[in-house]
Amino acid sequence: ARWQLESGWASESNSSDEQSMPTDATLLQLEPKATAAEMLVAMAFSTDHDRGRDTRSIGVDRVTVTEAGDQAWAEVLRLEPTSEGERRERPVLGMLDASVGLAHLGDSPKGVVMVQVAASEDRGDSWSELVPLEESGKVFGHIRPVWSAKGQLSWARLNGTVEICTASDVLPDPSAAT
């Protein structure tokens with residue numbers, strides 16, 4: 001759903017009308033086209049309306065905004081829970097050249113918080129399988145991961161003291177190809 005000053009909340013502009021309780025939206029501006037701006041929007045949401053926030057999914061939409069301000073939304077990725085009680089929260093998008101990464105925190109039914117990543121080498125048109133980066137159970141579930149301008153992903157965990165973890169090989173670097 002999105003807010004419009006003239007008409008209030010408008011869910012028909014979103015490609016996934018069954019979504020409810022959207023949270024943690026993150027935007028990634030792609031290079032603008034001649035007549036339109038293009039971005040990716042990721043957010044967590046519920047699709048199980050009987051259970052509400054007990055199950056959470058992540059969706060990524062491509063949003064094109066014309067010079068006239070018209071918006072076109074198209075879903076390019078959806079990560080659903082794979083088991084009862086699983087949650088996906090706190091998505092964050094990052095980019096290195098044409099490679100886009102989606103990182104998020106996943107909660108297992110047993111309450112273990114994990115950092116998980118999916119990547120795209122074509123600006124979000126297709127995506128890799130979901131890859132777990134941290135499954136120790138010590139990841140801070142309320143702190144969103146962060147992408148650097150160089151495509152590195154960082155997150156926080158508690159291992160007696162607070163630690164900042166970094167993965168530098170998450171997104172393919174086209175300049176490193178030989």
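Going by the structure above, here's the rest.
Source: prediction; values computed, not measured.

**A few points about unusual backbone geometry**
Here comes step 1: Positioned with a positive phi, Arg-90 is a non-glycine residue whose angle comes to about 55 degrees.
Here comes step 2: Turning to its location among the elements, Arg-90 is positioned in strand E7 (residues 87–96).
Here comes step 3: Not every positive phi belongs to a glycine, and Arg-123 is a case in point at roughly 60 degrees.
Here comes step 4: Secondary-structure assignment places Arg-123 in the loop between strand E9 (113–120) and strand E10 (131–134).
Here comes step 5: Arg-123 gets classed as partly exposed once you look at its relative accessible area, which sits at 23%.

**Examining the nonpolar core**
Here comes step 1: Membership of the largest hydrophobic core comes to 16 residues, with the highest contact counts inside it found for Trp-147, Leu-153 and Trp-155.
Here comes step 2: Counting residues per element, the ones that place at least two in this core are E7, strand E8 (99–107), E9, strand E12 (153–159) and strand E13 (161–167).
Here comes step 3: At four residues, the largest contribution of residues to this core is made by E9.
Here comes step 4: The contacts of Leu-153, once residues within four sequence positions are left out, are Ala-103, Val-115, Val-117, Leu-133, Pro-145, Val-146, Trp-147, Cys-165, Thr-166, Ala-167 and Val-170.
Here comes step 5: Within the second largest apolar cluster, 14 residues are counted, among which are Ala-42, Val-60, Val-100 and Leu-102.

**Topic: the pairing of strand E5 (residues 57–66)**
Here comes step 1: Across the ten residues of E5, seven count as buried, placing the element largely inside the fold.
Here comes step 2: Pairing between strand E4 (residues 36–46) and E5: ten bridges, direction antiparallel. By the bridge assignment, Val-41 is partnered in E5 with Asp-61.
Here comes step 3: One ladder, built from eight bridges, connects E5 with strand E6 (residues 71–79); its direction is antiparallel.

What counts, and where the lines are drawn
Residues numbered from 1 in each chain as written. Predicted model: local features only at pLDDT ≥ 70, side-chain atom pairs only at ≥ 80, totals over all residues. Heavy atoms only, no water. Helix = DSSP H or I, 4+ residues; strand = E, 2+ residues; numbered from the N terminus. Buried < 20%, exposed > 50% of the residue type's maximum accessible area, 1.4 Å probe, protein only. Core = buried A, V, L, I, M, F, W, Y, C linked by side-chain atoms within 4.5 Å. Contact = heavy atoms within 4.5 Å. Pairing = 2+ DSSP bridges.

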